[in-house]
Amino acid sequence: MSAPTTAPEVAVPGSATGGARPRVLSGIQPTADSFHFGNYLGALRQWVHLQEDHQPFFFIADMHAITVEQDPKVLRERCLRAAAQLLAMGVDPERSAIFVQSQIPAHAQLGWVLQCLTGFGEARRMTQFKDKSAKGGEGAASVGLFTYPILQAADILLYRPHYVPVGEDQRQHLELTRDLAQRFNHRYKKTFRLPEPYILKSTAKITDLQDPTAKMSKSASSPGGIIEMLDDPRVSAKKIRSAVTDSGSEVRFDPEEKPGISNLLTIHAALTGESVTALEEQYAGRGYGDFKKDLADIVVDVVTPFRDRTLELLDDQAYLTSVLTRGHEQANAVAEATLRDVFARVGFVAPALPPGQ
């Protein structure tokens, strides 16, 4: 009997509509102890809203993390911390599959097939490899870092999603994913859906508190320039009060002339839902001091329950494991069905089934 031509639509538990919802996939690398405002306000919190109308598959990308050296014990701990933080911010395991990438062997297996369809020059043009290998030189970069976008394509195509949330820095990788899907479909047989970019609504571009012309980043920002979601809330408040501002005292959004206060306005608007225009009117004539004091209080109100819930979840390892086990079962069912299709179409010999199966 031939393998199914499409991966099964796995109904996420607790969903009334189940597989009728369009599938969406995204992942986060466990390369830090805590989410920070840059990735939380820029993308991650939008995952919660995706649950309303989509069938989400959210994974912790530990295979991507080892493209650079990792401490095994720390990596393992960070995977659990990432899962706990996703739950704390509102990702619901009754509506979303949350899983660890390395626990699904099909990611690496499809990654190899796609590597064999990718031209060397095509892979070499990926800008993130150029950026990430620039510091130590191309000769010191791992082959895994070089083929990272191809594994990312496998991550996506395995689940045949309708949409993939992307920022500008990932747009090139999604284009490669679509190219490889089309190439496979043309060479063998139509197998993969061409995923569409899902442009997240109201995304906030958060910059470094001490260098507001640079992106807030775990790897590049100074300790004072980054707000981590699991920091002591008093530390976060102090960082807001100490954030670099600009000449003058007018609370006005102007990223070119006033990047410091513009970044703080963006954070305030992202946390409260108020428009930047309304905030400008509210703080007209009041100066930076009042604004930063109020924003510090808002930050404390947001991060305190998030931090408390994350730490509570980390104390309940049995529950975290059960969430990841459930997510693994949901994801693996879809991934294995896709891989069977791929292997059959490439020409691999199917394994003999035990008697009675």
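Everything numeric here is computed off the predicted structure, so don't read it as measured data. Counting of residues starts from 1 at the beginning of each chain's written sequence and follows it residue by residue. Local features in a predicted model are, by the rule used here, given only for residues with pLDDT of at least 70; side-chain atom pairs are given and counted only at 80 or more, and totals for whole chains, interfaces and linings are based on all residues. The side-chain figures draw on all heavy atoms in the structure; neither hydrogens nor water molecules are used.

Participant: For the overall build of the protein chain, give the residues involved together with the corresponding values.
Facilitator: Summing up its helical and strand segments, the protein chain has 15 helices and 5 strands in all. Per-residue burial for the protein chain yields a buried fraction of 50% across its 357 residues. Should any heavy atoms of two residues lie within 4.5 Å, those residues are counted as being in contact. Within the protein chain, residue pairs in contact and separated by at least 24 positions form 75% of the contacts whose partners lie at least 6 positions apart. Values of accessible area rely on a 1.4 Å probe in the Shrake-Rupley scheme; residue burial ignores everything except the protein chains shown. A total of about 17,000 Å² of accessible surface is found on the protein chain, and carbon and sulfur atoms cover 52% of it. The secondary structure listing takes helices from DSSP runs of H or I that are at least 4 residues long and strands from runs of E that are at least 2 residues long, numbered from the N terminus. A 1.4 Å probe rolled over the protein chains alone gives each residue an accessible area, and that area as a share of the maximum for its type sets the label: buried under 20%, exposed over 50%, partly exposed in between.

Participant: Mind laying out the environment of Pro56, listing which residues take part and the relevant values?
Facilitator: Along the chain, Pro56 falls in strand S2 (residues 55-60). We classify Pro56 as buried; its relative accessible area is 0%. When the C-alpha positions of Pro56 and Tyr163 are compared, they lie 9.7 Å apart, and in sequence the two are 107 residues distant. Beyond its immediate sequence surroundings of up to four residues, Pro56 is in contact with Val24, Leu50, Gln51, Arg95, Ser96 and Ala97.

Participant: Account for the UniProt feature "binding site: L-tryptophan" (unreviewed entry) in the protein chain, with residues named and values stated.
Facilitator: Taking the numbering used here, the UniProt-annotated feature "binding site: L-tryptophan" (unreviewed entry) corresponds to Asp155. Checked against the element boundaries, Asp155 lands in helix H9 (residues 148-157). With near-sequence residues (within four places) excluded, Asp155 lies in contact with Leu25, Phe59, His64, Gln101 and His107. UniProt positions are given in the numbering used here, feature names are shortened, and annotations may be inferred rather than shown by experiment.

Participant: Describe the pattern of salt bridges, and please don't skip the residues or the numbers.
Facilitator: Salt bridges, as used here, are contacts in which a Lys or Arg side-chain nitrogen is within 4 Å of a carboxyl oxygen on Asp or Glu. The final tally for this structure, using the stated rule, is 15 salt bridges. Between Arg183 and Glu122 there is a salt bridge; the shortest N-O distance is 2.8 Å. Of the two residues, Arg183 sits in helix H10 (residues 171-187) while Glu122 sits in helix H6 (residues 120-124), which places them 61 residues apart along the sequence. For Glu122, a relative accessible area of 13% gives the class buried. In this structure, the salt-bridge partner of Lys293 is Asp297, at a minimum N-O distance of 3.9 Å. Taken together, the positions of Lys293 and Asp297, both in helix H14 (residues 287-314) and 4 residues apart, correspond to about one turn of that helix. Residue Asp297 is classed as partly exposed on the basis of its relative accessible area, which comes to 40%. Taken together, the shared-partner salt bridges in this structure form one network comprising Glu250, Arg252 and Asp254.

Participant: Describe unusual backbone geometry, and please don't skip the residues or the numbers.
Facilitator: A positive phi is found at Arg160, a non-glycine position, where the angle reads about 40 degrees. The residue Arg160 is located in the loop between H9 and strand S4 (163-165) in this model. Of the residues examined, Arg160 reaches a relative accessible area of 7% and is grouped as buried.

Participant: Could you give an account of the confidence of the model for the protein chain, with specific residues and numbers?
Facilitator: What pLDDT reports is the predictor's confidence in each residue, on a scale of 0 through 100. The share of residues in the protein chain with pLDDT of 70 or more is 88%, and the mean pLDDT across the chain is 88. Looking across the protein chain, the model is least confident in helix H7 (residues 127-133), with a mean pLDDT of 67, and most confident in strand S3 (residues 97-100), with 98. Across residues 1-19 the pLDDT falls below 50, and counting only partners more than four positions away or on other chains, this stretch makes 43 contacts in the model.

Participant: Residue-level account of the pairing of S2, with values.
Facilitator: Along any regular strand the residues' side chains alternate between the sheet's two faces. Burial runs high along S2: 6 of the 6 residues are buried. On S2, burial covers both faces: Gln55, Phe57 and Phe59 on one face and Pro56, Phe58 and Ile60 on the other are all buried. Across 6 bridges, the pairing between strand S1 (residues 23-28) and S2 is parallel. In the strand pairing of S2, Ser26 is matched with Phe58. Strand pairing requires that DSSP identify at least two bridges connecting the strands.

Participant: Outline the nonpolar core, listing residues and values.
Facilitator: The nonpolar side chains of a soluble globular protein tend to be buried, and buried together. Ranked by internal contacts, the top residues of the largest apolar core, which has 59 residues, are Phe35, Phe37, Leu41, Trp47, Met89, Leu264 and Ile267. Setting aside residues up to four positions removed in sequence, Phe37 forms contacts with Gly42, Ile206, Met216, Ile227, Met229, Ile267, Leu271, Val299 and Val303. Remark: nonpolar core denotes a set of buried residues (Ala, Val, Leu, Ile, Met, Phe, Trp, Tyr, Cys) joined through side-chain atoms within 4.5 Å. Phe99, Leu180, Ala181 and Phe192 belong to the second-largest nonpolar core, a separate cluster that totals 35 residues.

Participant: Can you break down the packing of helix H5 (residues 106-115) against H9 residue by residue, with the values?
Facilitator: Orientation is described by lines fitted to C-alpha atoms, with helices fitted over the stretch in contact, and by angles between N-to-C directions that extend from 0 to 180 degrees. The geometry of H5 relative to H9 is characterised by a closest axis approach of 8 Å and an angle of 120 degrees between their N-to-C directions. Between H5 and H9, the angle is such that the two are oblique. Crossing of H5 against H9: the hand is right-handed. Of H9, the residues touching H5 (which contributes His107, Ala108, Leu110, Gly111, Leu114 and Gln115) are Ile150, Leu151, Ala153, Ala154, Asp155 and Leu157. Residues are sorted three ways: Asp, Glu, Lys and Arg are charged, Ala, Val, Leu, Ile, Met, Phe, Trp, Tyr, Cys and Pro are nonpolar, and all the rest, Gly among them, are polar. The residue makeup of the contact of H5 with H9, split by class, is 8 nonpolar, 3 polar and 1 charged. Orientation is classified from the angle alone, with under 35 degrees giving roughly parallel, over 145 giving roughly antiparallel, 65 to 115 giving roughly perpendicular, and any other angle giving oblique. For any pair of crossing helices, the crossing counts as left-handed if the nearer helix is rotated counterclockwise from the farther one by less than a right angle, and right-handed if it is rotated clockwise.

Participant: Describe the packing of aromatic side chains, listing the residues and the values that go with them.
Facilitator: Side-chain rings of Phe, Tyr and Trp, where Trp is taken by its six-membered ring, are said to pair if the distance between their centres is within 6.5 Å; with planes under 30 degrees apart they count as stacked, over 60 as edge-to-face, and otherwise as tilted. Considering all chains together, one arrives at 11 aromatic pairs under this definition. Ring centres of Tyr283 and Phe291 lie 5.0 Å apart, and the angle between their planes is 80 degrees; this geometry places the pair in the edge-to-face category. Classification of Phe291 by relative accessible area gives buried; the value is 0%. A network of ring pairs unites the aromatic residues Phe57, Phe59, Phe99 and Tyr159 as a single cluster.

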